[in-house]
Amino acid sequence: MTSTQTESSTALRPGAVTIAIWLAAGIAIAGVAALLLSHTPARQRLIGILAAAQGAACGWLVSLVGTRLKMRSPVAAIVGGVVVGAASVALTSVLWWQAHARQLKADYKPPKGAAMAMAMLNQATDPSDPQAKKEMDDFRADLKARAMPPDTSFPEYLAFRVSSFSNSRSAGQILFGAELLLAGLLCAGFARARAARPFCESCGEWILPIRRHEFTGDDANEIAVLTGSDHQTPFVSASVVLSQCRCAGRRPEVLVVLESADRKAAVRRSSTDQDSPLKLAEEAFSELAARIDAAQGLR
Ligand SMILES: [Zn+2]
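Rules behind the numbers
Residues numbered from 1 in each chain as written. Predicted model: local features only at pLDDT ≥ 70, side-chain atom pairs only at ≥ 80, totals over all residues. Helix = DSSP H or I, 4+ residues; strand = E, 2+ residues; numbered from the N terminus. Rg over C-alpha atoms; globule rule 2.2 N^0.38 Å. Buried ≥ 20, exposed ≤ 12 C-beta atoms within 10 Å, placed from the backbone. Core = buried A, V, L, I, M, F, W, Y, C linked by C-beta atoms within 7 Å. Contact = placed C-beta atoms within 7 Å. Arc of directions from axis to C-beta. Axes fitted to C-alpha atoms, helices over the stretch in contact; angles between N-to-C directions. Left-handed = near helix turned anticlockwise from the far one by under 90°. Nonpolar A, V, L, I, M, F, W, Y, C, P; charged D, E, K, R; others polar. Domains from an automatic or database assignment. Pairing = 2+ DSSP bridges. Parallel < 35°, antiparallel > 145°, perpendicular 65-115°, else oblique.

## Notes on the overall build of the protein
Assigned secondary structure in the protein consists of nine helices and six strands. What you see for the protein is a C-alpha radius of gyration of 31 Å, clearly larger than the 19 Å of a compact globule of 299 residues, by over 25%. Dimensions of the protein along its principal axes, counting C-alpha atoms only, are 105 × 60 × 30 Å. Each of the 299 residues in the protein was classed as buried or not, and the buried ones make up 24%.

## What to know about the nonpolar core
Core analysis: the largest hydrophobic core is formed by 33 residues, its most contacted members being Ile29, Cys58, Ala183 and Cys187. Looking at this core, the elements that each hand over two or more residues are helix H1 (3-37), helix H2 (49-69), helix H3 (74-107), helix H6 (154-161) and helix H7 (169-195). Take this core: its biggest share by element is ten residues, from H7. Setting aside residues no more than four positions away along its own chain, isoleucine 29 makes contact with Cys58, Leu61, Val62 and Val84.

## Describing helix H8 (residues 217-226)
Every buried residue belonging to H8 is among Ala220, Ile223 and Ala224, and all of these are buried. Within H8, the buried residues cover an arc of 105° as seen down the axis, which keeps them to one side. Pointing more than 90 degrees away from the buried face of H8 are the exposed residues Asp218 and Val225. Residues of H8 that are buried in the fold lie against strand S3 (208-216), strand S4 (235-244) and strand S5 (253-260).

## Observations concerning the packing of H3 against H7
It is at 7 Å that the axes of H3 and H7 come closest, and there the two elements cross at 145°. When you trace H3 past H7, the crossing you get is right-handed. When grouped by side-chain class, the residues that make up the contact of H3 with H7 number 18 nonpolar, six polar and two charged.

## A few points about the domain arrangement of the protein
Reports of interface size often rely on the accessible area that becomes lost once the parts have come together. Split by domain assignment, the protein resolves into domain 1 (3-108 + 154-196), domain 2 (114-147) and domain 3 (200-295). Each of domain 2 and domain 3 was reduced to a C-alpha centroid, and the two centroids are 82 Å apart.

## Considering the environment of serine 153
Take serine 153: it is sitting in the loop between helix H5 (130-147) and H6. Given 11 C-beta atoms within a 10 Å radius, serine 153 is considered exposed. A sequence separation of 52 residues divides serine 153 from alanine 101, and the C-alpha atoms of the two residues are 7.8 Å apart.

## Description of the sheet that holds S5
With antiparallel pairing, the four strands of this open sheet are ordered in space as S3-S4-S5-S6. With one partner strand each, in any of the chains shown, S3 and strand S6 (267-270) form the two edges of the open sheet. Each neighbouring strand pair of the sheet contributes to a mean axis angle of 10°, computed without reference to strand direction. In this structure, S5 lies alongside S6, joined through four bridges in antiparallel fashion. The residue bridging valine 257 from the neighbouring strand is arginine 268, located in S6. The strands that H8 touches are S3, S4 and S5; relative to S4, the one it contacts most, it runs at about 55°.

## Digging into the packing of H2 against H7
Relative to each other, H2 and H7 sit at 25°, their axes nearing to 7 Å. Considering the angle they form, H2 stands roughly parallel to H7. Remark: the crossing between H2 and H7 carries right-handed chirality. Class assignment for the residues of the contact of H2 with H7 results in 15 nonpolar, eight polar and two charged.

## Some remarks on the pairing of S5
Bridge count for S4 against S5 is eight bridges, and the pairing is antiparallel. When the sheet's bridge partners are listed, valine 241 is paired in S5 with leucine 255.

## Observations concerning unusual backbone geometry
The bulk of non-glycine residues show a negative phi, and the bulk of peptide bonds are trans. In the Ramachandran plot, lysine 70 falls in the positive-phi region, its phi being about 60° despite a non-glycine side chain. What makes lysine 70 partly exposed here is the crowd of 15 C-beta atoms within 10 Å.

## Here's the deal with the environment of alanine 115
With respect to the secondary-structure elements, alanine 115 resides in helix H4 (residues 114-123). Among the residues examined, alanine 115 registers 12 C-beta atoms within 10 Å and is labelled exposed. Spatially, the C-alpha atom of alanine 115 lies 9.9 Å from that of methionine 148, the residues being 33 residues apart in sequence.

Okay, here's the thing in structure tokens:
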């Protein structure tokens with residue numbers, strides 16, 4: 001094996017291992033969140049809202065873990081995020097369902113004499129009059145329904161959850177599916193936002209914001225000129241973010257977002273942009289950094 005092959009195989013390894021550890025941590029977070037939320041009082045189990053909060057909380061936690069692990073695969077973050085968010089909400093729902101089913105079984109008392117009445121009814125000959133026969137059949141069905149233990153299936157639990165506003169069994173299932181989707185997407189959104197941040201391969205650190213300032217009015221247009229941003233219409237605001245990694249002597253990365261009054265001509269320029277990066281001359285950068293410091297009273 002040549003030295004380049006060794007290098008490429010070792011370079012590949014941390015990515016897959018990092019993603020695996022991150023996913024394992026995410027599943028642990030999903031499980032803990034599900035166990036904690038399974039104790040939510042029945043009145044606070046708001047359909048949709050609680051699932052969204054759970055998905056967002058899981059997403060926030062997995063993104064923190066991702067930052068520590070330097071997990072920077074946006075695709076893995078989306079796929080893993082959907083799984084973690086949806087799994088957490090699904091597990092909470094299963095735990096609620098089991099508690100609900102236990103309660104139903106504990107509360108169930110078969111009516112006294114129902115079994116005997118049923119046996120007698122079954123032996124009785126059906127009346128010839130169709131109206132009387134129908135009444136007897138209805139009575140049999142009613143007696144059977146009351147003597148039967150309650151339905152403790154999961155679909156029945158989902159129907160019970162939505163019973164305050166819908167009698168449809170499928171409504172419960174559709175809402176449950178929507179809850180899983182919402183939680184999964186929110187979780188994935190948080191995880192992806194973190195994983196997609198710029199990363200410096202040289203020092204192996206995230207390129208994080210060190211200064212940010214929003215300029216308005218004339219200052220905004222001066223920033224536009226300074227950063228060489230095209231402007232036919234005047235801008236009302238210019239927000240500038242300087243970000244840095246740990247590399248010694250390296251100039252911070254620059255992100256400028258310019259907005260016009262009608263908000264139609266928003267211009268976003270970044271020095272980390274892959275297609276057309278914002279390139280600033282040394283003097284322009286020094287001037288920009290000095291203006292941010294002056295605006296924040298640091299100089
Ligand atoms: Zn660096």
